[in-house]
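In case you want the letters, here they are:
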Amino acid sequence: MKIRTSKNKKPVLIGIGVVFVAAIIAGLAFFFINKNPKADADTADKSSAFSLDASKTTGWWAADNNWPSAEPKSQDATIVQMTVAQGTKEQPGTCFVMYFYKPGTVDAEAEANRYKEGASTDTVTVQEKESKQFTMQTSDGAKEFKLHQYQLVGSGAGQLASGVQLGYVPLSDGYVEIRGHCESYEQLSGASTVFEAVSLKQ
């Protein structure tokens, strides 16, 4: 899928702080996984889609692809998105990973820094931990990407999903944004197999 983009605009990480201050991680997973597919635009181009290779990971499942926009017109738009969750649909676990295929270009390091600054508050400190390298299969071939990992600490972190992962995969016609969330930082390692198991046909 080819997308016209504007070089004068940079992608902005919208509402990511809102996600982290929502009630509990299971509730977040339920919302993103059970989004009503009828809300998709009927005329959306559904040629792009994520898929999960279940043979490469266990204890995780993928919700249906969702095409939010009939005609993405800005770099803030999402062409297709998918959530991969731990556990089952009926009994979600404590971690989930959201994938977003977006138009435009991305400065991965700048976006990671923007998240760290934006998520920090008077009562929450974002501690950056060791990053990981993964490879994602796409229509452009195998694409390596850096996955940033964070732990939210402080008096205000008790109600948040304190384990956070953030990665970006630049493509020839857009990019993939990856957001991982776990109830605790220690649980992030359990999501490692997911990042090699999800692919994108764009």
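Residues numbered from 1 in each chain as written. Predicted model: local features only at pLDDT ≥ 70, side-chain atom pairs only at ≥ 80, totals over all residues. Heavy atoms only, no water.

1. Observations concerning the state of the cysteines
Applying the stated criterion across every chain, the model contains 1 disulfide. Disulfide pairing places Cys-95 opposite Cys-182 at an S-S distance of 2.0 Å. Because the sign of the S-S torsion sets the handedness, a value of about 120° for the bond joining Cys-95 and Cys-182 places this disulfide among the right-handed ones. With Cys-95 in strand β4 (residues 92–102) and Cys-182 in strand β9 (residues 174–182), this pair connects stretches of sequence that are 87 residues apart. Judged by its relative accessible area of 2%, Cys-95 is buried. (Disulfide = S-S within 2.5 Å. Helix = DSSP H or I, 4+ residues; strand = E, 2+ residues; numbered from the N terminus. Buried < 20%, exposed > 50% of the residue type's maximum accessible area, 1.4 Å probe, protein only.)

2. What about the nonpolar core?
Counting residues in hydrophobic clusters, the biggest one holds 26 residues, and the most contacted among them are Phe-50, Tyr-99, Met-136, Val-176 and Phe-195. Ranked by the residues each element gives to this core, the list is headed by β4, at 4 residues. Setting aside chain neighbours within four positions, we find Val-176 in contact with Phe-50, Tyr-99, Phe-100, Tyr-101, Met-136, Gly-167, Tyr-168, Val-169, Leu-171 and Leu-200. One finds Ala-119, Val-126, Leu-152 and Tyr-175 within the second-largest nonpolar core, a separate group that totals 13 residues. (Core = buried A, V, L, I, M, F, W, Y, C linked by side-chain atoms within 4.5 Å. Contact = heavy atoms within 4.5 Å.)

3. Side note on the environment of Phe-100
Residue position: Phe-100 is located in strand β4. On the basis of relative accessible area, Phe-100 is assigned to the buried category, the value being 7%. The spacing of Phe-100 and Ala-49 is 51 residues in sequence and 10.0 Å in space, taken between C-alpha atoms. Every residue in contact with Phe-100, bar those within four places of it in the chain, is listed here: Phe-50, Thr-78, Val-80, Gln-81, Tyr-175, Val-176, Glu-177 and Arg-179.

4. Some details on helix α3 (residues 108–119)
Helix length check: α3 (12 residues) gives 17 Å between terminal C-alpha atoms against 16 Å at 1.5 Å per residue, within 8%. Looking at α3, one finds that the buried residues are Glu-111, Ala-112, Tyr-115 and Ala-119. Down the axis of α3, the sector holding all buried residues measures 105°, keeping them to one side. (Expected span 1.5 Å × (residues − 1). Arc of directions from axis to C-beta.)

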